[in-house]
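In case you want the letters, here they are:
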Amino acid sequence: MAHEVIIIDGDCALCRTLGACAVRRNEAFRLAAGDNPNEVEVRLTNGTSLFGSEAWIYICRRLGFPMPTGPVFAWLADRIYSMVARNRRILSFFVRRN
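Colleague: An account of the pairing of strand E1 (residues 4–8) is requested, with residue identities and associated values reported.
Modeller: Counted residue by residue, E1 has four buried out of five residues, so it is predominantly covered. In the classification by handedness, the crossover that spans E1, the intervening helix H1 (residues 13–25) and the parallel strand E2 (residues 29–33) is right-handed. Bridging between E1 and strand E3 (residues 41–43) involves three bridges; their strand directions are antiparallel. Bridging from a neighbouring strand, Val5 pairs with Arg43 of E3.

Colleague: Before we move on, can you summarise the nonpolar core with the specific residues and values?
Modeller: Counting residues in each nonpolar core, the largest one holds 16 residues, and the members touching the most others are Ile6, Val40, Val42 and Ile59. Of all the secondary-structure elements, those providing two or more residues to this core are E1, H1, helix H2 (52–62) and helix H3 (71–86). At three residues, H1 tops the list of elements feeding residues into this core. Setting aside residues up to four positions removed in sequence, Ile6 forms contacts with Ala22, Phe29, Arg30, Leu31, Ala32, Val40, Glu41, Val42 and Ile59.

Colleague: Outline the packing of H2 against H3, listing residues and values.
Modeller: Two numbers describe how H2 lies on H3: the axes approach to 8 Å, and their chain directions differ by 105°. The orientation of H2 with respect to H3, classified from their angle, is roughly perpendicular. Here H2 contributes Gly52, Ser53, Trp56 and Ile57 to the contact with H3, which in turn contributes Phe73, Ala77, Asp78 and Tyr81. Taken together, the residues that form the contact of H2 with H3 break down as five nonpolar, two polar and one charged.

Colleague: Give me the lowdown on the layout of surface pockets, citing residues and values where you can.
Modeller: Space inside the largest pocket adds up to approximately 540 Å³. Considering each element in turn, the lining of the largest pocket owes the most residues, seven residues, to H3. Broken down by class, the residue content of the lining of the largest pocket amounts to 22 nonpolar, two polar and four charged.

Procedures and definitions
Residues numbered from 1 in each chain as written. Predicted model: local features only at pLDDT ≥ 70, side-chain atom pairs only at ≥ 80, totals over all residues. Heavy atoms only, no water. Buried < 20%, exposed > 50% of the residue type's maximum accessible area, 1.4 Å probe, protein only. Helix = DSSP H or I, 4+ residues; strand = E, 2+ residues; numbered from the N terminus. Right-handed = clockwise from strand over helix to strand, strands pointing away. Pairing = 2+ DSSP bridges. Core = buried A, V, L, I, M, F, W, Y, C linked by side-chain atoms within 4.5 Å. Contact = heavy atoms within 4.5 Å. Axes fitted to C-alpha atoms, helices over the stretch in contact; angles between N-to-C directions. Parallel < 35°, antiparallel > 145°, perpendicular 65-115°, else oblique. Nonpolar A, V, L, I, M, F, W, Y, C, P; charged D, E, K, R; others polar. 1 Å grid on protein atoms, 1.4 Å probe; cavity = no way out; pocket = protein on both sides within 12 Å on 5 of 7 lines; lining within 4 Å. Points joined across faces, edges and corners; volume = space filled by probe spheres on them.

From the geometry alone we can't say anything about function, so treat these as descriptive.
So, in structure tokens, the structure goes:
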């Protein structure tokens, strides 16, 4: 079985925790640390990649969370993703350390 790979910033506790949670909930995912610490990436089985908020929306949908669609939601998701990504080191302080 081919797996989709979630590539995260391995030094970020928030990224590791969220990525590990996705892998625990869906065995189709695998987790890897990447060399782009600024953006999450999902490599799909067909060879394409999704980045940033688009990647997290895809992960959430694969985990069964209902996610809205449309340009307004995409714009909002981009803004929220950018805010969390910029502040992930601070937010990591509140995440249980592995």
